[in-house]
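# Chains, contacts and geometry: an overview
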Amino acid sequence: TNLVLLGPPGAGKGTQARRLEERFGLVQLSTGDLLRAAVAQGTEAGLAAKAVMERGDLVSDEIVIAILRDRMARDDCRAGVIFDGFPRTAAQAEALDALLAEAGGAITAAISLEVDDAAMVERVSGRFTCASCGEGYHDRFKRPAAEDICDNCGSSDFRRRPDDNAETVAQRLRAYHAQTAPLIAHYDAKGVLTGVDAMAPIDAVSESLTAIVDPAT
Ligand code: AP5
Ligand code: ZN
């Protein structure tokens, strides 16, 4: 099983990928996470990517494809991969098809998470996470019960992504529509595309995805 999750910022790609990973023993591969790790480590790719990500633009295909290829060379990926936030351009989609074909594989399903743009700006600007346990919060929708203390683990170490401000989110949405949304047609032409209403509650979206990955459940 190799899944592609397509959708604009805030559609729930990461949230759903983590759930599918647990349920089906697949590996979540998020190019956003890999790039943020490269930025944190100060690698050459990370240095080049930092300013681009803070603007809300797409990092170059060259950097992203190289990072992805390295990650896919690791053994755990043989179990099957959930591609979260990759591919985002036509060149990336072609590179992915070629990489999988080399290993005798292919994309089993591409899922387009369909959402409303205005709601996405609101969902993403305002979110923050607990650095100790990873619990997610939101300024308006989900504040910690006690101000500045994580409900889950008691830590006060909260983090915000530098690209989760209204201005950058708007640019991320523009990049999605200009460069990534056309991939919906790419996967539709291959006969592997399914659209899912991702405005529904998180559990309902998970059920739809589970039914696509394993129609027997
Ligand atoms: P990336 O890290 O991929 O960010 P993104 O695509 O903007 O996606 P997000 O992580 O913001 O959202 P998500 O869809 O995962 O939603 P989540 O589950 O977190 O990319 C960041 C940057 O890296 C890019 O801008 C680019 O510069 C660069 N980059 C990455 N990959 C690249 C590539 N392939 N090529 C070039 N550049 C690349 O959910 C969001 C929030 O909503 C959470 O708070 C969650 O709890 C909540 N939520 C989720 N689902 C629901 C629901 N159904 N109802 C209510 N709330 C929900
Ligand atoms: Zn916590």
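Residues numbered from 1 in each chain as written. Chains lettered and ligands numbered in written order. Predicted model: local features only at pLDDT ≥ 70, side-chain atom pairs only at ≥ 80, totals over all residues. Heavy atoms only, no water.

## Some words on the site of ligand 1
Counted only if it meets this: For this purpose, a residue is taken to be near a molecule or strand whenever a single non-hydrogen atom of the residue falls within 4 Å of it. What qualifies as a polar contact is a pair of N or O atoms within 3.5 Å, subject to a donor-acceptor requirement within protein and to the restriction that residues adjacent in sequence count only when both atoms come from side chains. The method behind every accessible area is Shrake-Rupley, applied with a 1.4 Å probe, and residues are considered shielded solely by the protein chains displayed.
By nearness alone, 30 residues border ligand 1, and Thr15, Asp57, Arg88, Arg127 and Arg172 come closest of all. Contacts to ligand 1 include Ala11, whose backbone N or O atom sits 3.3 Å from an oxygen atom. Side-chain polar atom of Arg127 to an oxygen atom of ligand 1: 2.6 Å apart, as the coordinates give it. Alone, ligand 1 offers 1000 Å² of accessible surface; in the complex the protein occludes 87% of this.

## Some details on the sheet that holds strand E8 (residues 193-197)
Defined as follows: At least two bridges found by DSSP between two strands is the condition for calling them paired. Here a strand is any run of E in DSSP of at least two residues, a helix any run of H or I of at least four, and the numbering for each starts at the N terminus. With axes taken as lines fitted to C-alpha atoms, and helix axes fitted only over the stretch in contact, angles between N-to-C directions fall between 0 and 180 degrees. Between two residues, a contact is recorded if the distance between any of their heavy atoms is within 4.5 Å.
Spatial ordering of the open sheet is given by E2-E3-E1-E4-E8, a layout of five strands whose pairing is parallel. If you trace the sheet from one side to the other, it starts and ends with strand E2 (27-30) and E8, each paired once. When the angles between neighbouring strand axes are averaged without regard to direction, this sheet yields 20°. Bridge count between E2 and strand E3 (residues 81-84): four bridges; the pairing is parallel. From the neighbouring strand, Gln28 faces E3, where its bridge partner is Ile82. Contacts from helix H1 (residues 13-24) reach strand E1 (2-6), E2, E3 and strand E4 (109-114) within the one sheet, and its direction differs from that of E3 by about 175°. In the packing of helix H2 (residues 31-41) onto the sheet, contacts are made with E2 and E3, and the angle to E2 comes to roughly 60°.

## Here's the deal with unusual backbone geometry
To keep it simple, the criterion reads: With a 1.4 Å probe rolled over the protein chains alone, any residue whose accessible area is under 20% of its type maximum counts as buried; one over 50% counts as exposed, and the rest are partly exposed.
Looking along the chain, the bond that leaves Phe86 and enters Pro87 is cis, with omega of -5°. For Pro87, the position within the fold is in the loop between E3 and helix H5 (90-102). The phi dihedral of Asp148 is positive, around 70°, even though this residue is not glycine. Among the secondary structure elements, Asp148 is positioned in the loop between strand E6 (136-138) and strand E7 (158-159). Look at Asp148 and you get partly exposed, because its relative accessible area is 49%.

## Digging into the coordination of the zinc ion (ligand 2)
Inclusion rule: Here the coordinating atoms are restricted to nitrogen, oxygen and sulfur within 2.8 Å of the metal centre, or 3.2 Å for Na, K and Ca, and because water is not among them the sites may look incomplete. Angle rules define the geometry names used: all angles between 85 and 135 degrees makes four donors tetrahedral, while opposite donors over 155 degrees apart and all other angles between 65 and 115 make four donors square planar and six octahedral, leaving every other case irregular.
Donor atoms from the polypeptide that coordinate the zinc ion (ligand 2) comprise Cys130 (SG), Cys133 (SG), Cys150 (SG) and Cys153 (SG), at 2.3 Å from the metal. In this structure, the zinc ion (ligand 2) is surrounded by four donor atoms whose angles at the metal cover 103 to 115°, and the resulting shape is tetrahedral. Within one chain, the residues serving as donors to the zinc ion (ligand 2) are arranged as C-x2-C-x16-C-x2-C. Placement of Cys133 in the loop between strand E5 (127-130) and E6 and of Cys150 in the loop between E6 and E7 is noted, with a sequence separation of 17 residues between them.

## Digging into the UniProt feature "binding site: AMP" (unreviewed entry) in the protein chain
Stated precisely, the cut-off is as follows: UniProt positions are given in the numbering used here, feature names are shortened, and annotations may be inferred rather than shown by experiment.
Feature annotation in UniProt places "binding site: AMP" (unreviewed entry) on Thr31, Arg36, Asp57, Leu58, Val59, Gly85, Phe86, Pro87, Arg88, Gln92, Arg161 and Arg172, given in this structure's numbering. On the basis of their most widely separated C-alpha atoms, the annotated residues across 142 residues do not gather in one place, lying as much as 24.3 Å apart. The residue Arg88 is located in the loop between E3 and H5 in this model. With a relative accessible area of 30%, Arg88 lands in the partly exposed category.

## Quick word on the packing of H1 against helix H9 (residues 202-213)
As a reminder of what qualifies: Oblique is the label for any angle not covered by the other classes, which are roughly parallel (under 35 degrees), roughly antiparallel (over 145) and roughly perpendicular (65 to 115). Crossing handedness: left-handed means the near helix sits turned counterclockwise from the far one by under a right angle, and right-handed means the same turn made clockwise. Here the nonpolar group is Ala, Val, Leu, Ile, Met, Phe, Trp, Tyr, Cys and Pro; Asp, Glu, Lys and Arg are the charged ones; every other residue, Gly included, is treated as polar.
Where H1 meets H9, the closest approach of the two axes is 10 Å, and the angle between their N-to-C directions is 50°. Put simply, H1 runs oblique to H9. Where H1 crosses over H9, the two elements pack in a sense that is right-handed. In this structure, H1 contributes Thr15, Gln16, Arg19, Leu20, Arg23 and Phe24 to the contact, and H9 contributes Ile202, Asp203, Val205, Ser206, Leu209, Thr210 and Val213. Each residue belonging to the contact of H1 with H9 can be placed in one class, and the counts come to six nonpolar, four polar and three charged.

## Side note on the side chain of Thr168
Mapped onto the elements, Thr168 comes out in helix H7 (residues 166-180). Those residues in contact with Thr168 that lie beyond four places of it in its chain are Met53, Glu54, Arg55, Gly56 and Asp163.

## Examining the layout of surface pockets
Where empty space is left becomes clear once a probe the size of a water molecule has been rolled over the atoms. Formally: Two kinds of site are reported from a 1 Å grid over the protein atoms alone, namely cavities, where a 1.4 Å probe fits but cannot get out, and pockets, open sets with protein on both sides within 12 Å along at least five of seven lines, and residues are called lining when an atom falls within 4 Å of a point. Grid points are joined across faces, edges and corners, and a volume is the space filled by probe spheres set on the points.
When its volume is computed, the second largest pocket comes out at roughly 310 Å³. Surrounding the second largest pocket, 18 residues form its lining, Met72, Cys77, Arg78, Leu100 and Ala103 being those nearest its centre. Elements with a contribution of two residues or more to the lining of the second largest pocket: E3 and H5. With three residues, H5 is the single largest residue contributor to the lining of the second largest pocket. When its residues are assigned to classes, the lining of the second largest pocket shows nine nonpolar, five polar and four charged.

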